[in-house]
Amino acid sequence: MIKKLSLIFGSKTKAEEIIYLLSGLKKVVRQGYYEPELPKIEKFCKEKDFYLIKSKFKVLLADETNYSNKGIKIKEDDKRAGMYFVYISKEEKEALLASYYELIDNYKELGSVLGYPRCCVDFFVRNFNENNINLQQIPSNLYTNITKRENDCVLISHFPCSSGCEESIKIGVKNLQAITEIDQTRAEELSRELKC
Ligand SMILES: [Zn+2]
């Protein structure tokens, strides 16, 4: 199932976020896509009765994995190939709120709608800026280890405030559980790759 979803969503990590959405672990996901990638995602969302809201802007991302909120925003009609953000949810309100908070650069509320722990959202807002776009910590456990995210192996979608952040670990544990239930092999791969 993850393999099949990854063909639509472009990576296993993005496919797994859709699994978290389907299993109720996430209320809304935020993912970046280039225009040509969108039709099959829109089709999937339609079939699943998911709301998909597309950002009114494009972003020249500093970090292709969507962790960075602060890529350069450009207008939709800008000729440069920017990424759109899409916000996908079972609830129209959640998807709209996420898109709205990102549009007005309210990262505190955006993080909250996306279900990130308060401590990590505060950490992000305090520390993230143009000169400091990678808030990655030295990993101490597989659940909050985001160092392999560019290799498509990660269990959380945010920068943890510390490697030992309990709220983040809880999210990582539940996410791995959800993956284990549907794809044992992938769960083993993640555990192996993220082990510290
Ligand atoms: Zn935290």
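Everything that follows concerns the structure shown earlier in this document.
From a predicted model like this one, the values you see are computed outputs, not experimental measurements.

A. Examining the overall build of the protein chain more closely. Counting secondary structure elements, the protein chain contains 8 helices and 5 strands. Walking the protein chain from its N terminus toward its C terminus, one meets helices and strands in the order α-α-β-α-β-β-β-β-α-α-α-α-α. Relative to the 2.2 N^0.38 estimate, which gives 16 Å for 196 residues, the radius of gyration of the protein chain is 16 Å and therefore close to what a compact globule would have. Over its C-alpha atoms, taken along the principal directions, the protein chain stretches across nearly 45 × 40 × 30 Å. Burial statistics for the protein chain: of 196 residues in total, 38% are counted as buried. Taking all contacts inside the protein chain whose residues are at least 6 apart in sequence as the whole, residues at least 24 apart take part in 59%.

B. Highlighting helix α6 (residues 118-127). When α6 is considered as a whole, its buried residues turn out to be Cys 120, Val 121, Phe 123 and Phe 124. Around the axis of α6, the buried residues are gathered within 160° of arc, so they sit on the same side. For α6, exposure combined with an orientation more than 90 degrees from the buried face picks out Arg 118 and Arg 126. Looking at the packing, one finds that the buried side of α6 touches α5 (107-113) and α7 (166-182).

C. Here's a closer look at the sheet that holds strand β2 (residues 51-54). If you walk across this open sheet you meet the 3 strands as β1-β5-β2, and the pairing is antiparallel. In the strand order of this sheet, the two ends are held by β1 (28-33) and β2, each with one partner. Here the average twist between neighbouring strands, direction ignored, is 25°. Of the pairings in the sheet, the one linking β1 to strand β5 (residues 84-89) comprises 6 bridges and is antiparallel in character. In the strand pairing of β5, Gln 31 is matched with Val 86. Set on the sheet, helix α4 (residues 92-103) makes contact with β1, β2 and β5; between it and β5 the angle comes to about 150°.

D. Structural context of α4. Here α4 spans 17 Å end to end across 12 residues, near enough to the 16 Å set by a 1.5 Å rise per residue. Taken as a whole, α4 has its buried residues at Glu 94, Ala 95, Leu 97, Ala 98, Ser 99 and Glu 102. Turning to α4, the residues buried within the fold contact β1, β2, β5 and α5. Following α4 by one or two positions, Asp 105 has its phi on the positive side, about 60°.

E. Quick peek at unusual backbone geometry. Backbone geometry at Asp 105 places phi at a positive 60°, although glycine is not the residue there. At Asp 152, a residue that is not glycine, the phi angle is positive and equals roughly 70°. Relative to the assigned elements, Asp 152 resides in the loop between α6 and α7.

F. Summary view of the nonpolar core. Among the nonpolar cores identified, the biggest contains 44 residues, and Val 28, Tyr 87, Ile 88, Ala 98 and Cys 120 are the most heavily contacted of them. Residues in contact with Cys 120, not counting those within four places in the same chain, are His 158, Phe 159, Pro 160, Cys 161, Cys 165 and Ser 168.

G. Here's a closer look at the packing of helix α2 (residues 12-22) against α7. For the pair α2 and α7, interaxial distance at closest approach is 10 Å and the crossing angle is 95°. In terms of orientation, α2 and α7 fall into the roughly perpendicular class. Taking contact as the criterion, the partners of Glu 16, Ile 19 and Tyr 20 in α2 are, on α7, Asn 175, Ala 178, Ile 179 and Ile 182. Among the residues making up the contact of α2 with α7, the classes are represented as 5 nonpolar, 1 polar and 1 charged.

H. Seen up close, the environment of Asn 151. Considering the arrangement of structural elements, one finds Asn 151 in the loop between α6 and α7. Classification of Asn 151 as exposed rests on a count of 9 C-beta atoms within 10 Å. Through-space distance from the C-alpha of Asn 151 to that of Lys 12 is 9.8 Å; in sequence the pair is 139 residues apart.

I. Inspection of the pairing of β5 at higher detail. When you tally the buried positions in β5, you get 5 out of 6 residues, the bulk of the element. Note that β2 and β5 share 4 bridges and pair antiparallel. Within the sheet, the bridge partner assigned to Ile 53 lies in β5 and is Tyr 87.

Quick notes on the rules
The numbers attached to residues start from 1 for each chain and follow its sequence in the written order. In keeping with the model being predicted, local features are shown solely for residues with a pLDDT of at least 70 and side-chain atom pairs are shown and tallied solely at 80 or more, while totals for entire chains, interfaces and linings include all residues. Working definition: helices are DSSP H or I runs of at least four residues, strands are E runs of at least two. Numbering for both runs from the N terminus. It is over C-alpha atoms that the radius of gyration is taken, and the globule rule equals 2.2 Å times the number of residues to the power 0.38. Working definition of burial: number of other C-beta atoms within 10 Å of the residue's own, with buried at 20 or more, exposed at 12 or fewer, and partly exposed in between, all C-beta atoms being placed from the backbone. This entry defines residue contacts through backbone-placed C-beta atoms, with two residues in contact when those atoms are within 7 Å. An arc is given here, and it is the one of the directions from the helix axis to the C-beta atoms. DSSP-based pairing: two strands are paired if at least 2 bridges between them are found. Helix axes use the C-alpha atoms of the stretch in contact, all axes being lines fitted to C-alpha atoms, and the angles between their N-to-C directions lie in the range 0 to 180 degrees. To estimate how far a helix should extend, the number of its residues minus one is multiplied by 1.5 Å. Think of a nonpolar core as buried Ala, Val, Leu, Ile, Met, Phe, Trp, Tyr and Cys residues chained together by C-beta atoms that fall within 7 Å. For classification, angles of less than 35 degrees are called roughly parallel, those exceeding 145 degrees roughly antiparallel, those between 65 and 115 degrees roughly perpendicular, and all remaining angles oblique. Throughout this entry, Asp, Glu, Lys and Arg are counted as charged residues, while Ala, Val, Leu, Ile, Met, Phe, Trp, Tyr, Cys and Pro are counted as nonpolar. The remaining residues, Gly among them, count as polar.

That is the geometry; function is a separate question.
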